[in-house]
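This is what each chain is made of:
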Amino acid sequence: MRGILIVNREARRGVTASSARAVIASLREVCQLRTAVTASAAEAEAAIAAAVADGVDVVVVAGGDGAVRLALQACAHSETALAVVPTGTGNDFARAFGIPQDPVAAADLAARAIASGSRQQVDLGKVAGGGWFSTVLCAGFDAQVNARANRLRWLSGHWRYDVALLIELSRLHAMPLRVETPETIVELDATLVAVGNTSWYGGGIPICPDANPADGLLDITVVGEVTLRDFAAILPHLRTGRHVEHPAVYTLQTDRVRLSGENGWLAFADGDPAVRLPLTVHNHPGALTVVR
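Residues numbered from 1 in each chain as written. Predicted model: local features only at pLDDT ≥ 70, side-chain atom pairs only at ≥ 80, totals over all residues. Heavy atoms only, no water.

**Student:** In this structure, what is going on with the overall build of the chain? I would like to understand it.
**Tutor:** In terms of regular secondary structure, the chain is built from eight helices and 15 strands. The C-alpha radius of gyration of the chain comes to 19 Å, within 12% of the 19 Å expected for a compact globule of 292 residues. The principal-axis extent of the C-alpha atoms belonging to the chain is close to 55 × 40 × 30 Å. Looking at the chain as a whole, 52% of its 292 residues qualify as buried. As displayed, the chain has an accessible area near 12,200 Å², and 52% of this comes from carbon and sulfur atoms. Of the side-chain charges in the chain, 25 are positive and 29 negative, and the distance between the mean point of each set is 7 Å. (Helix = DSSP H or I, 4+ residues; strand = E, 2+ residues; numbered from the N terminus. Rg over C-alpha atoms; globule rule 2.2 N^0.38 Å. Buried < 20%, exposed > 50% of the residue type's maximum accessible area, 1.4 Å probe, protein only. Areas by Shrake-Rupley, 256 points an atom, 1.4 Å probe, with all protein chains shown as cover. Lys, Arg positive; Asp, Glu negative; His and termini not counted. Charge placed at Lys NZ, Arg CZ, Asp CG, Glu CD.)

**Student:** Teacher, can you tell me more about empty space enclosed by the protein here?
**Tutor:** Empty space among the atoms becomes apparent when a probe as large as a water molecule is rolled across them. What the rule picks out here adds up to three cavities of 30 Å³ or more. Here the largest cavity defines a volume of roughly 190 Å³. Sort the elements by how many residues they give to the lining of the largest cavity and helix H6 (residues 141–151) lands first, with four residues. The residue inventory of the lining of the largest cavity, partitioned by class, reads 12 nonpolar, three polar and two charged. (1 Å grid on protein atoms, 1.4 Å probe; cavity = no way out; pocket = protein on both sides within 12 Å on 5 of 7 lines; lining within 4 Å. Points joined across faces, edges and corners; volume = space filled by probe spheres on them. Nonpolar A, V, L, I, M, F, W, Y, C, P; charged D, E, K, R; others polar.)

**Student:** Explain the packing of helix H2 (residues 41–53) against helix H3 (residues 65–75) to me, please; I cannot follow it from the model alone.
**Tutor:** When two helices pack together, their arrangement is given by the angle between the helix axes and the distance between those axes. Contact geometry of H2 with H3 gives a least axis separation of 9 Å together with a crossing angle of 30 degrees. Relative to H3, the element H2 is oriented roughly parallel. Considering only the axes of H2 and H3, their crossing is right-handed. Each of Ala41, Ala44, Glu45, Ile48, Ala49 and Val52 in H2 lies in contact with H3, whose residues at this interface are Leu70, Ala71, Gln73, Ala74 and Cys75. Here the contact of H2 with H3 is composed, by residue class, of nine nonpolar, one polar and one charged. (Axes fitted to C-alpha atoms, helices over the stretch in contact; angles between N-to-C directions. Parallel < 35°, antiparallel > 145°, perpendicular 65-115°, else oblique. Left-handed = near helix turned anticlockwise from the far one by under 90°. Contact = heavy atoms within 4.5 Å.)

**Student:** How should the packing of aromatic side chains be read in this particular structure?
**Tutor:** A full pass over the atoms with the stated rule returns two aromatic pairs. Relative to Phe97, the ring of Phe93 lies with its centre 4.7 Å away and its plane at 45 degrees, an arrangement referred to as tilted. Here the aromatic rings of Phe141 and Phe231 are separated by 5.1 Å at their centres, their planes lie at 80 degrees, and the arrangement is edge-to-face. Of this pair, Phe141 sits in helix H6 while Phe231 sits in helix H8 (residues 228–234), and the two are 90 residues apart along the sequence. (Phe/Tyr/Trp six-rings, centres within 6.5 Å; stacked < 30°, edge-to-face > 60°.)

**Student:** Help me out: how do you make sense of the pattern of salt bridges in this one?
**Tutor:** One side chain can pair with another of opposite charge once the charged atoms of both are near each other. Evaluation of the coordinates by the stated rule reveals eight salt bridges. Taking the shortest distance from any N to any O, the salt bridge between Glu180 and Arg178 comes out at 3.0 Å. Note that Glu180 and Arg258 form a salt bridge whose closest N and O atoms lie 3.9 Å from each other. Placement of Glu180 in strand S8 (residues 175–180) and of Arg258 in strand S12 (residues 256–260) is noted, with a sequence separation of 78 residues between them. (Salt bridge = Lys/Arg side-chain N within 4 Å of Asp/Glu carboxyl O.)

**Student:** Explain the side chain of Asp142 here, please?
**Tutor:** Tracing the backbone shows Asp142 in helix H6. Within the buried set, Asp142 has no salt-bridge partner at all; the shortest N-O distance to an opposite charge, 12 Å, is to Arg276. Those residues in contact with Asp142, other than ones at most four positions away along the chain, are Leu192, Val193, Ala194 and Tyr201.

**Student:** Explanation requested: the environment of Gly117 in the structure shown.
**Tutor:** In this fold, Gly117 is placed in the loop between helix H5 (103–116) and strand S5 (119–127). Here the alpha-carbon distance between Gly117 and His173, two residues 56 residues apart in the chain, equals 49 Å.

See the structure below:
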């Protein structure tokens with residue numbers, strides 16, 4: 001069993017020297033491991049792509065959701081499995097797959113799974129003409145919050161997203177949105193739209209609470225036109241998933257969706273900027289093998 005550990009030196013939480021030694025020791029007990037410490041996204045993406053092309057059995061990413069997204073681009077529809085040691089800000093991929101937030105515990109879990117051959121085939125979302133994503137693609141207010149959160153480098157965890165949300169509330173407004181699926185077309189003025197392969201984004205917000213990354217479907221959550229007062233009433237329920245009960249919130253499931261409208265929205269996928277609307281997203285069942 002051959003593996004490579006990709007360590008994102010820029011990850012917000014990072015790992016201490018002692019925990020890094022423990023992570024490496026756990027993994028070296030179960031596979032032939034080499035380590036690549038990367039200082040940029042381009043460097044990490046190149047190292048992962050080269051390892052997958054070389055036929056490595058497992059890529060272990062020590063980083064956040066952005067680093068995981070880089071790994072997807074090479075690991076999707078390949079023979080290489082992905083394991084994750086979360087050291088980022090949101091760590092929503094780890095949350096979705098029951099991976100411990102502590103890096104050493106996550107490495108121990110990955111080592112046991114590698115040794116036992118435990119694997120899970122999971123779905124991925126893909127933007128037509130663009131890249132793969134594993135958690136949530138969003139546009140509108142939530143994408144603006146994400147962009148703001150990425151600039152708040154002095155905060156970590158869910159606090160970064162909570163503060164960003166409060167800052168962006170003053171700019172809350174609805175824009176025209178068209179949601180087209182094979183089953184239906186919805187046109188409305190919307191505040192935000194989220195397309196979930198898994199439930200969580202923003203460091204633990206279950207924006208698509210019923211999303212299942214193994215059902216071949218994308219879950220879509222749309223918040224229509226709301227006043228600031230209405231939106232304030234929705235906010236306390238975001239971290240419980242009960243926001244979907246509000247009459248201004250619409251949900252649907254499909255295997256592909258096109259988002260468009262005269263809004264100029266930039267979509268974020270797995271917490272990183274992806275592409276501006278219009279865009280089309282497809283679900284790809286079983287596209288990724290996860291070690292867990």
